Amino acid sequence: MRDHGGRRAAAGRRRPALLAAALALALLLLAACSGGPPDDPAPPAELGWGFTHTQHSADAGEDRAVRRARTTLEGTGLPQVQHLMGWGSANPEPRPGTYDFAAMDRRIALAEETGATPVITLCCAPDWMKGGAEGRTDWSTRSLERAPGPEHFADFAELAATTARRYPQVRHYLVWNEFKGFWNEAEGRWDHEGYTELYNQVRRALKEVDPALRVGGPYLVMDSFPPGRTEGASREVRGDWGALDRRTVDAFRYWNRHKDGADFVVADGSSYTTDGELVPDAFAATAKFTDVGRWVREETGGIPLWWAEYYVEPGDADDQRADWPEPRRRAVHAAGLAALARGGATTAFYWNPERTTTPCPGCLWRPTHLPDGGTPLPMLDLLARFQREFGPGTRFTSVPGDTSPGLTVLADDHATLVVNHRATARTVRVAGARVRLEGYEVRWLERG
């Protein structure tokens, strides 16, 4: 509050001082009666739009490029996710009771130093928890994606608690990743019973460390089949894009009914089918995010919805996504973000495919292993602007304008996102104004 000076202000300062003293005394009396200080307020359950660190990030590389990347990230407001093991983190507990958090320390420090909210995905598990030898780490995909054995669920929960005690600044935890290792081969379905038991044990362990920690799951892949397929397809969750795999629906419902609780619900998935098809096309297929999001929120009673991963461009045999030119990638991704928001998502994380060389399709910044690395790329600009304009608490509004096909429009009272689906330029009318859009252009318009 601005101080206007004079004797009135001087006299007014005494009253707040007396009130502050009285409040402090009341808090001390409350603490004495309750046995301790009042609990810290719970952190928000909605973080907005951010990204996940992968194997390479801005914690390593050429010194100048690293500094440049950190400066690039400062002020973006993007929350950052780091996995407990893998994707840039070492084995956190190579032997029972012996810890190695050095790599994790660097990633959490990177998030803090760039002003981000750090988030931890509790995956994956040390080898000795899944049948491997103590002191050794098999980094093959087959090994990394194995779940801990049921006899080690409690050990993994204790590792999660140890992690939470080490990083008190981290207030949000995702339990496991994509049901990795939780497949019931005999019955040809997800082992949702096993995952839910792990989830419940981990959640209880984290809440014992600090009841205010935010914990969510199930981080289940929302696989879908193309239209026309009936075998194994859900009759409830479907659209022009296809239908969810019924086994995914069953797994989600089991977790939802048997979980001990959740501060947020976590989805994962792509706009394309299990066969890599984009139906009816790359832009229209993003409606899957809206339909699935609405279904998830209905199933869970409307608790905050997070998408831990979301993809709009099919990968190749090595899961690389480099076929699209960057303008098209950015445009389809913008349409995907809008679809996520329409489905009720208030938090989502872009899987940043950072690497050490160029080209780096879809990356957020030029690789820091290059002398001139660390500068922002188009996808970072899109994410940062989307977070700034449509962060948690946004109330979206309808916009009168062009209803012709080939256009995405998302708006609140302050800004409008317009995306041209076409590779060619066009003129459209949005909110009463004629707007010229280049091919695949993503345009932000201010509203009065």
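Analysis parameters
Residues numbered from 1 in each chain as written. Predicted model: local features only at pLDDT ≥ 70, side-chain atom pairs only at ≥ 80, totals over all residues. Heavy atoms only, no water. Pairing = 2+ DSSP bridges. Helix = DSSP H or I, 4+ residues; strand = E, 2+ residues; numbered from the N terminus. Axes fitted to C-alpha atoms, helices over the stretch in contact; angles between N-to-C directions. Contact = heavy atoms within 4.5 Å. Expected span 1.5 Å × (residues − 1). Buried < 20%, exposed > 50% of the residue type's maximum accessible area, 1.4 Å probe, protein only. Parallel < 35°, antiparallel > 145°, perpendicular 65-115°, else oblique. Left-handed = near helix turned anticlockwise from the far one by under 90°. Nonpolar A, V, L, I, M, F, W, Y, C, P; charged D, E, K, R; others polar. Core = buried A, V, L, I, M, F, W, Y, C linked by side-chain atoms within 4.5 Å. Polar contact = N/O pair within 3.5 Å; in protein donor to acceptor, adjacent residues only side chain to side chain.

An unreviewed UniProt entry lists the protein under the name Xylan 1,4-beta-xylosidase, with Streptomyces fungicidicus as the source organism.

Asks: How would you explain the sheet that holds strand β1 (residues 48-52) if you had to name every residue and give the values?
Replies: As summarised here, the arrangement of the eight strands in space is β1-β2-β3-β4-β7-β11-β12-β13, forming a closed barrel in which the pairing is parallel. Pairs of neighbouring strands in the sheet enclose a mean axial angle of 25°, with direction left out of account. The strands touched by helix α7 (residues 246-258) are β7 (214-221) and β11 (264-270); relative to β7, the strand with the most contacts, the crossing angle is about 160°.

Asks: Describe helix α6 (residues 192-209), listing the residues and the values that go with them.
Replies: Its 18 residues give α6 an end-to-end C-alpha distance of 26 Å, which sits within 8% of 26 Å, the value for a rise of 1.5 Å per residue. Of all 18 residues in α6, 13 are buried, a share of seventy percent or more.

Asks: Quick one: what's the story with the packing of helix α8 (residues 287-300) against helix α9 (residues 326-342), residue by residue and with numbers?
Replies: Relative to each other, α8 and α9 sit at 20°, their axes nearing to 7 Å. Put simply, α8 runs roughly parallel to α9. In terms of crossing hand, the pair formed by α8 and α9 is right-handed. In this structure, α8 uses Phe-289, Thr-290 and Arg-294 to contact α9, whose residues at the interface are Gly-336, Ala-339, Leu-340 and Arg-342. Each residue belonging to the contact of α8 with α9 can be placed in one class, and the counts come to three nonpolar, two polar and two charged.

Asks: Describe the sheet that holds strand β15 (residues 415-420), and please don't skip the residues or the numbers.
Replies: Read across the open sheet, the three strands follow the order β14-β15-β18; overall the sheet is antiparallel. Each of the sheet's edge strands pairs with one partner strand only, and the pair in question is β14 (407-411) and β18 (442-446). Strand-to-strand twist of the sheet, defined as the mean angle between neighbouring strand axes without regard to direction, takes the value 15°. Here β15 pairs with β18 via five bridges, running antiparallel.

Asks: So what's going on with the environment of Ala-233? Residues and values would help.
Replies: Residue position: Ala-233 is located in strand β9 (residues 233-239). Separated by 10 residues in sequence, Ala-233 and Asp-223 have C-alpha atoms that sit 10.0 Å apart. Dropping the residues within four chain positions of it, Ala-233 is found in contact with Phe-225, Arg-238, Ala-243, Leu-244 and Arg-246.

Asks: Account for the nonpolar core, naming residues and giving values.
Replies: Among the nonpolar cores identified, the biggest contains 107 residues, and Phe-156, Trp-176 and Trp-307 are the most heavily contacted of them. When residues in this core are grouped by element, the largest group, nine residues, is from α9. What Trp-307 contacts, discounting residues up to four positions off in sequence, is Met-222, Ala-267, Asp-268, Gly-269, Phe-289, Val-292, Gly-293, Leu-340, Ala-345, Thr-347, Ala-348 and Phe-349. Core analysis: the second largest hydrophobic core is formed by seven residues, Leu-407, Val-428, Val-435 and Leu-437 among them.

Asks: Can you tell me about the side chain of Glu-389, naming the residues and giving the values?
Replies: Tracing the backbone through its elements, the reader meets Glu-389 in helix α10 (residues 378-389). Assessed through its relative accessible area of 19%, Glu-389 is described here as buried. A polar contact of 2.8 Å, which involves the side chain of Glu-389, links it to the side chain of Arg-385. Discounting chain neighbours no more than four positions away, the residues touching Glu-389 are Thr-394, Asp-412, Ala-415 and Trp-444.

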